[in-house]
Amino acid sequence: MAAPSSILIIGSGVFGLGTAYTLAQREAYRDTKITLLERLPFPAPDAASVDSSRIVRPDYADAAYTALMAEAHPHWRGDFGAEGRYTEAGLCLTQEGADSGENRGAHYYLVKALENVKTKLGLEIGRRDEGGQVELMESSDDVCRVLESMGGDCGSRGYINWTSGWADAEAGMKYMRTLVEATGRVDFRTAEVSRLNYGSNAVESIELISGERLIADLVVLAAGAWTPKLVDLRGIASATGQVLSYIDITQEEEDRLAGNPTLLCETNGMFIIPPRNRVLKVARHGYGYANFVRIPHPERRAESGEEIMVSLPRTKQDDPHLSIPAEGDEACRAYLAKCIPDLANRPWSQTRICWYTDTPSGDWLISYHPKYSNLFLATGGSGHAYKFLPVVGERIVDVMSRQNRDELGKKLEMKWKWPETRTENDHVWTEDWRGGIKGMVLDEEFKKGEARVVGEPTRGRGGQTEVGMAAGGDWEISAAQYETQTKKGPKL
Ligand SMILES: Cc1cc2nc3c(=O)[nH]c(=O)nc-3n(C[C@H](O)[C@H](O)[C@H](O)COP(=O)(O)OP(=O)(O)OC[C@H]3O[C@@H](n4cnc5c(N)ncnc54)[C@H](O)[C@@H]3O)c2cc1C
């Protein structure tokens, strides 16, 4: 397939910047003019790719992502992760309470992820002090032993992968940008795209907020959770807001906690990433909040007046005073109080709603558009793409070039392809296993009453109170049984 003479990438997050990096280096694209547009000065503070931390792990229930992580991990352990950009302090995956009811998915996810890191990566099971890389925690005492310095109840069961870690997300993005700049092949512009002008089967031009129009042979749409504003993704991908909260801690507290693994509870999606620069983060990998807005139909001429309803991000760029809903605040507070009781009452120094681009399956959307031949999408991160930053561009450009190097490439292309059907609802609530409640709408949550008492259980999916998961049960459950229990494991 002949390389286009010009490629314009919209969005400088993991997908856009990663794509630019690979295009800039591939021989086939050496004569292609590459332009990268970003609406805010880099790094955009409200982009999903920009934050203090992101989990880096191969612990996936889906073996294709475990295999992709095996490509990315050596980079994190090398130059890419140097100077504090990557910390390999382990990842402690836990569940809570009874292994039944709505919560079975959490246990099955752990089982499947464990099976993958054992069989696909060959990691050794056993206590770290005895040479093990993956340690099973069969009881809350085991969990407490590993996370002793937190001083609380961090879960009833799970496993810890000492070969996982976390990345300084903003620093990783800045590093990637220096790599792209060093190629000298990419023209960076700070400019917001207001719309794409569509012809019957191709994008005719890209219109900026300033009114300027740009033309390119190929347009790569990598605008993260803002993508549904520029192309009709109803029933395919949608923005969901996730809560993040940060507290300031003392140097003594940091010395005590910084060496811990990241803690991620599969039952309720809550997680705590170890502190850096005396800041500790508590967050939730949940179904998130939809933020419905009515916008002009992105693919119709402006004169048509046709409008559609989609969920799009609302961030501190739109409202500097934006906080998080009481529901999310309480969930973070309750988890902090439970796991690190002596920090229970420390006020948040900052909160944020960060936006996933969720797909129904949790798989990304890396594909040509079926109707517009010069439009390629690189989006649908579904809350788990950051960790692949060093290598994701390679796999994206493989799909773009219609060149699959190997079996993994074929599998990924199938997972990432434009779906044959759209889900019935315009808004996508992922089928991935997540914490929190499915169906929350941001404004409705803001309107709800005062915060509940700290420590009161958060509500489970479908408005049900979450049932706890008891310790006990079978680690060796078969994959087939797993598939019938939960379609997919959660990704983060
Ligand atoms: C709270 C949270 C926690 C997460 N945790 C993890 C984790 O632990 N591990 C992990 O691997 N992944 C994690 N992720 C997921 C990961 O961060 C995302 O999948 C990834 O960053 C998505 O990258 P992106 O390029 O699609 O989007 P973004 O990073 O949001 O980039 C899109 C860019 O497009 C720009 N843009 C938007 N509209 C326009 C326009 N009209 N014109 C020009 N530019 C535009 C935006 O400014 C932005 O910079 C998490 C995400 C969130 C939100």
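This text goes with the structure placed above it.
Okay, so let's go over this structure. Bear in mind that the values here come from a model prediction, so they are computed numbers and not experimental data. (Residues numbered from 1 in each chain as written. Predicted model: local features only at pLDDT ≥ 70, side-chain atom pairs only at ≥ 80, totals over all residues. Heavy atoms only, no water.)

Re unusual backbone geometry
Move 1: In this model, Phe 42 is joined to Pro 43 through a cis peptide bond whose omega is -5°.
Move 2: Summarising the element assignment, Pro 43 is placed in the loop between strand S2 (33-38) and strand S3 (54-56).
Move 3: Phi at Glu 83 is positive, roughly 55°, even though this residue is not glycine.
Move 4: Along the chain, Glu 83 turns up in the loop between helix H2 (63-77) and strand S4 (86-87).
Move 5: You will see that Arg 402, though not glycine, has its phi angle at about 55°, which is positive.
Move 6: Note on placement: Arg 402 falls in the loop between helix H8 (392-400) and helix H9 (407-416).
Move 7: Looking at Arg 402, the relative accessible area reads 57%, which means it is exposed. (Helix = DSSP H or I, 4+ residues; strand = E, 2+ residues; numbered from the N terminus. Buried < 20%, exposed > 50% of the residue type's maximum accessible area, 1.4 Å probe, protein only.)

Digging into the site of the ligand
Move 1: Surrounding the ligand, one finds 33 residues, the nearest of these being Glu 38, Arg 39, Ser 49, Ile 55 and Cys 354.
Move 2: Within the backbone of Phe 15, an N or O atom sits 3.2 Å from an oxygen atom of the ligand.
Move 3: At 3.1 Å from an oxygen atom of the ligand is found a main-chain nitrogen or oxygen belonging to Tyr 386.
Move 4: A total of 1,000 Å² of accessible area belongs to the ligand in isolation, and the protein chains cover 98% of it.
Move 5: At the level of elements, helix H1 (14-25), S3 and strand S21 (350-358) are the ones that each hand at least two residues to the shell around the ligand.
Move 6: Here the shell around the ligand takes 3 residues from S21, the largest share from any one element.
Move 7: Considered class by class, the residues forming the shell around the ligand number 20 nonpolar, 8 polar and 5 charged. (Near = heavy atom within 4 Å. Polar contact = N/O pair within 3.5 Å; in protein donor to acceptor, adjacent residues only side chain to side chain. Areas by Shrake-Rupley, 256 points an atom, 1.4 Å probe, with all protein chains shown as cover. Nonpolar A, V, L, I, M, F, W, Y, C, P; charged D, E, K, R; others polar.)

A look at the pattern of salt bridges
Move 1: Across all of its chains, the model carries 39 salt bridges by this definition.
Move 2: Lys 281 is paired through a salt bridge with Asp 51; the nearest N and O atoms lie 2.7 Å apart. One end of the pair, Lys 281, is in strand S17 (residues 279-284); the other, Asp 51, is in the loop between S2 and S3, and 230 residues separate them in sequence. Considered together, Lys 281 and Asp 51 belong to a single accessibility category, that of buried residues.
Move 3: Its salt-bridge partner being Arg 301, residue Glu 204 comes within 3.5 Å of it at the nearest N-O pair. (Salt bridge = Lys/Arg side-chain N within 4 Å of Asp/Glu carboxyl O.)

Topic: the pairing of S17
Move 1: Most of S17 is tucked away: 5 of the 6 residues are buried.
Move 2: Pairing analysis gives 5 bridges linking strand S14 (residues 238-248) to S17, with the strands arranged antiparallel. Bridge pairing links Asp 248 to Val 279 in S17.
Move 3: Here 5 bridges tie strand S16 (residues 270-276) to S17, and the two strands are oriented antiparallel to one another. Note on S17: the bridge partner recorded for Ile 273 is Lys 281. (Pairing = 2+ DSSP bridges.)

None of the figures reported here should be taken as evidence of function without further support.
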